[in-house]
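# Architecture and fold: a report
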Amino acid sequence: LALFFFCFFSVMPAQGQVAPARGIVPLFSALDQIIDPNDYVVGPGDVLALGVWGSLEQADSLTVTPEGTLLIPTLGEVSVGGKPLALVKDELKTKALTRYPNAVLTVTLVGVRRFKVPVGGLVAKPGTYEVSAAMRVSEAIELAGGVRWDGSLRRIELTRSGGEWILCDLFRMQ
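Everything numeric in this text was worked out from a predicted model, so none of it was measured.

### Looking at the overall build of the chain
Looking only at helices and strands, the chain features 3 helices and 10 strands. Helices and strands in the chain line up, N terminus first, as β-β-β-β-β-α-β-β-β-α-β-β-α. Counting every position in the chain, which comprises 174 residues, the buried fraction comes to 45%. For the chain, long-range pairs separated by at least 24 residues make up 54% of all intrachain contacts whose partners lie at least 6 apart in sequence. Here the chain has roughly 9,100 Å² of accessible surface; of this, 55% comes from carbon and sulfur atoms.

### Overview of the pattern of salt bridges
A full pass over the atoms with the stated rule returns 5 salt bridges. Here E130 and R114 are joined by a salt bridge, their closest N and O atoms 2.9 Å apart. With a gap of 16 residues between them, E130 in strand β8 (residues 127-132) and R114 in strand β7 (residues 114-121) connect regions that are remote in the sequence. Residues R154 and D169 are paired through a salt bridge, measuring 2.7 Å at the closest nitrogen-oxygen approach.

### Brief notes about the sheet that holds strand β6 (residues 104-111)
Spatial ordering of the open sheet is given by β3-β2-β6, a layout of 3 strands whose pairing is antiparallel. Edge positions in the sheet fall to β3 (58-63) and β6, since each has one partner strand and no second. Sheet twist, expressed as the mean angle between neighbouring strand axes with direction ignored, is 20°. The sheet contact formed by strand β2 (residues 47-53) and β3 spans 6 bridges and is antiparallel. Pairing of V47 across the sheet is with T63, part of β3. Sitting on the sheet, helix α1 (residues 85-99) touches β2 and β6, and the angle it makes with β6 is about 145°.

### Examining α1
In this model α1 runs 22 Å from its N-terminal to its C-terminal C-alpha over 15 residues, within 8% of the 21 Å that 1.5 Å per residue would give. For α1, every residue scored as buried is listed here: L85, A86, V88, L92 and A96. Here the buried residues of α1 occupy an arc of 160° about the axis, which is enough to place them on one side. Seen from the buried face of α1, the exposed residues on the opposite side, beyond 90 degrees, are T94 and T98. Contacts from the buried residues of α1 go to β2, β4 (69-72), β5 (76-79) and β6.

### Comments concerning the side chain of D150
As for its placement among the helices and strands, D150 is situated in the loop between α2 (137-143) and β9 (151-160). Side-chain polar atoms of D150 contact the side chain of R148, separated by 2.8 Å.

### Some points on the nonpolar core
Core analysis: the largest hydrophobic core is formed by 29 residues, its most contacted members being L70, I72 and L92. When contributions to this core are tallied by element, the ones reaching two or more residues are β2, β4, α1, β6 and β7. At 4 residues, the largest contribution of residues to this core is made by α1. Filtering out sequence-adjacent residues up to four positions away, L92 remains in contact with L50, L70, I72, V78, L105 and V107. By size, the runner-up hydrophobic cluster in this structure holds 10 residues, among which are V119, V123, V137 and L158.

### Some points on unusual backbone geometry
Despite not being glycine, T74 shows a phi value in the positive range, around 70°. By secondary structure assignment, the location of T74 is in the loop between β4 and β5.

Calculation notes
Residues numbered from 1 in each chain as written. Predicted model: local features only at pLDDT ≥ 70, side-chain atom pairs only at ≥ 80, totals over all residues. Heavy atoms only, no water. Helix = DSSP H or I, 4+ residues; strand = E, 2+ residues; numbered from the N terminus. Buried < 20%, exposed > 50% of the residue type's maximum accessible area, 1.4 Å probe, protein only. Contact = heavy atoms within 4.5 Å. Areas by Shrake-Rupley, 256 points an atom, 1.4 Å probe, with all protein chains shown as cover. Salt bridge = Lys/Arg side-chain N within 4 Å of Asp/Glu carboxyl O. Pairing = 2+ DSSP bridges. Axes fitted to C-alpha atoms, helices over the stretch in contact; angles between N-to-C directions. Expected span 1.5 Å × (residues − 1). Arc of directions from axis to C-beta. Polar contact = N/O pair within 3.5 Å; in protein donor to acceptor, adjacent residues only side chain to side chain. Core = buried A, V, L, I, M, F, W, Y, C linked by side-chain atoms within 4.5 Å.

These results come straight from atomic positions and should not be treated as a statement about function.
Okay, structure coming up:
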């Protein structure tokens with residue numbers, strides 16, 4: 001199961017053991033699967049290829065800015081951050097059709113953002129790791145050397161960037 005929104009996690013102890021201090025890592029999916037445009041949330045650092053075909057033939061590769069916008073030649077600035085990829089595609093196509101009514105627009109995610117996150121809890125090598133926005137929690141745990149003998153994949157603490165957290169069972173999510 002691939003989830004595409006920014007979260008952090010901590011491997012928790014098995015039932016009846018003392019909980020460690022909270023650690024964090026994002027919840028993402030690796031690119032071993034096709035990204036679902038309805039689930040993937042566009043963010044700063046993602047790269048989109050935009051093609052306009054028809055009376056004007058132009059292709060650009062554009063990076064989402066830290067403010068969550070795309071700066072598109074001939075169309076201007078468009079807010080895309082925090083929106084599902086499918087919605088971004090529809091909005092960009094609609095905007096392009098106002099300027100180029102007889103054109104066909106293609107929008108493709110060609111680069112997934114990468115960033116560093118701390119991984120903690122009951123993992124073999126707690127620390128900071130580089131992950132992509134399409135990485136799975138299980139893969140982030142593996143980057144940290146896997147779960148220690150006293151940890152459990154059935155008790156993963158996910159903490160969103162706003163501080164809200166939930167306990168997840170990775171076995172149930174497979």
